[in-house]
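Chain residues, written in single-letter form:
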Amino acid sequence: MKYLRTSSSIKDGLHQIFTGPGTKWAVVAFVGYGALDQLPPEIEGLSVICWPKPGATSPDGIRRLQNAGIRVYFCEKLHTKLFWLEDRGVIIGSANLSRNALGNSDQHEFAVYIDDASFDINAVLSALSYTEVTESALNELDVAHTATTQKDPDADEVNRRARSFIESRRDKFPRKWKLSIWNEFRATKEPIKQAVMEQTDKSPRINDNDVDKDIFE
């Protein structure tokens, strides 16, 4: 058994047990936007269960985990903080899977690493009612989370940022967007053409314009 007295020591312990192959579980109350950044690079075999509480669990944090191949589940009223790897043991403490808990913040955390290969994770999982994240569940969290953080900006992690429409389309369950259309007079089409190239790619593309194929409008 080892005491992990700081956020950084908990993160170090997490990297030690989560690096390499094997089935892994993170059972935590909340997932922050920076959750993925607290895990070992190219982590594999990980499943995460969290409470979809608006203002605490970040929808885009969930998306970032999914994009990395991590399976994510929702469980209401979950307040457990547990990280487990088969044959390696378990870390149990106060830290959620977030930058606030495991990153360079002033938040105080404490955990214990128990080197017990016989720890029965199934006994923990069987006591929970959890379901894999669906598109509709994530959409609901989007709306509620945005409403909460607009009232209290500090409710979300400080490294949260707006993701572009193009970025979001790569997600397993993309965020719903409201699209607006407007007309604007420009003396030259070059700024529009430049914006299209910067926001997409540099490769040649077909422009469906019957007047002039080199005009972007």
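These figures come from a predicted structure and were not determined experimentally.

The rules behind the values
- Residues numbered from 1 in each chain as written.
- Predicted model: local features only at pLDDT ≥ 70, side-chain atom pairs only at ≥ 80, totals over all residues.
- Heavy atoms only, no water.
- Helix = DSSP H or I, 4+ residues; strand = E, 2+ residues; numbered from the N terminus.
- Contact = heavy atoms within 4.5 Å.
- Areas by Shrake-Rupley, 256 points an atom, 1.4 Å probe, with all protein chains shown as cover.
- Patch = residues over 30% accessible without salt bridge, like charges linked within 9 Å, V, L, I, M, F, W, Y side chains within 5 Å.
- Salt bridge = Lys/Arg side-chain N within 4 Å of Asp/Glu carboxyl O.
- Buried < 20%, exposed > 50% of the residue type's maximum accessible area, 1.4 Å probe, protein only.
- Core = buried A, V, L, I, M, F, W, Y, C linked by side-chain atoms within 4.5 Å.
- Phe/Tyr/Trp six-rings, centres within 6.5 Å; stacked < 30°, edge-to-face > 60°.
- Lys NZ or Arg CZ within 6 Å of the ring centre and 35° of its normal.
- Axes fitted to C-alpha atoms, helices over the stretch in contact; angles between N-to-C directions.
- Nonpolar A, V, L, I, M, F, W, Y, C, P; charged D, E, K, R; others polar.
- Pairing = 2+ DSSP bridges.

Turning next to the overall build of the chain. Within the chain one finds 7 helices and 8 strands. Pairs at least 24 residues apart make up 70% of the contacts formed inside the chain by residues separated by at least 6 positions. Of the roughly 12900 Å² of accessible surface on the chain, 51% is carried by carbon and sulfur atoms.

Within the secondary structure, Asn139 is located in helix 5 (residues 135-151). Beyond its immediate stretch of four places on either side in the chain, Asn139 contacts Arg63, Pro174 and Lys176.

To continue, consider a nonpolar patch on the surface. A grouping of Met1, Tyr3 and Phe110 is seen on the molecular surface, where their side chains present a nonpolar patch of about 360 Å² in accessible area. Inspection of the secondary structure assignment puts Phe110 in the loop between helix 3 (99-102) and strand 7 (111-114). Judged by relative accessible area, Phe110 falls into the partly exposed class, the value being 37%.

This next bit is on the nonpolar core. Judged by nonpolar contacts, the single largest core of 32 residues is most densely connected at Phe18, Leu39 and Phe83. Of all elements in the fold, only helix 1 (7-18), strand 3 (46-50), helix 2 (59-67), strand 4 (71-74), strand 5 (82-85), helix 3, strand 7 and helix 5 reach the threshold of two or more residues within this core. Looking at this core, the element that brings in the most residues is helix 1, giving 4 residues. By size, the runner-up hydrophobic cluster in this structure holds 14 residues, among which are Ala29, Cys75, Leu82 and Trp84.

Counted by the stated rule, this structure contains 7 aromatic pairs. Plain terms: the ring middles of Phe165 and Trp177 are 5.4 Å apart, the flat faces sit at 90° to each other, and that makes the pair edge-to-face. Of this pair, Phe165 sits in helix 6 (residues 165-168) while Trp177 is found in the loop between helix 6 and helix 7 (190-199), placing the two residues 12 residues apart along the sequence. Members of the aromatic cluster, each reached through a chain of ring pairs, are Trp25, Tyr73 and Tyr130. Positioned over the ring face of Tyr33 is Arg64, at 4.8 Å from the centre of the ring.

Another point: the packing of helix 2 against helix 5. At a minimum axis distance of 9 Å, the contact between helix 2 and helix 5 shows a crossing angle of 145°. Each of Pro59, Ile62, Arg63 and Gln66 in helix 2 lies in contact with helix 5, whose residues at this interface are Leu138, Asn139, Leu141, Asp142 and His145. Its residues assigned to classes, the contact of helix 2 with helix 5 comprises 4 nonpolar, 3 polar and 2 charged.

By the secondary structure assignment, Ala35 is in the loop between strand 2 (24-27) and strand 3. Taking the relative accessible area as the measure of exposure, Ala35 reaches 0% and is therefore buried. It is 8.2 Å that separates the C-alpha atoms of Ala35 and Ile62, two residues lying 27 residues apart in sequence. Those residues in contact with Ala35 that lie beyond four places of it in its chain are Leu65 and Leu97.

Taken together, the 8 strands give an open sheet; going across it, the order is 1-7-6-5-2-3-4-8, and neighbouring strands pair in mixed fashion. Each having just a single partner strand, strand 1 (2-4) and strand 8 (131-132) make up the two edges of the open sheet. In terms of strand pairing, strand 6 (residues 89-93) meets strand 7 through 4 bridges, oriented antiparallel. Residue pairing across strands places Ile92 opposite Val112, the latter belonging to strand 7. Lying on the sheet, helix 1 is in contact with strand 1, strand 2, strand 3, strand 5, strand 6 and strand 7; it crosses strand 5 at an angle near 25°.

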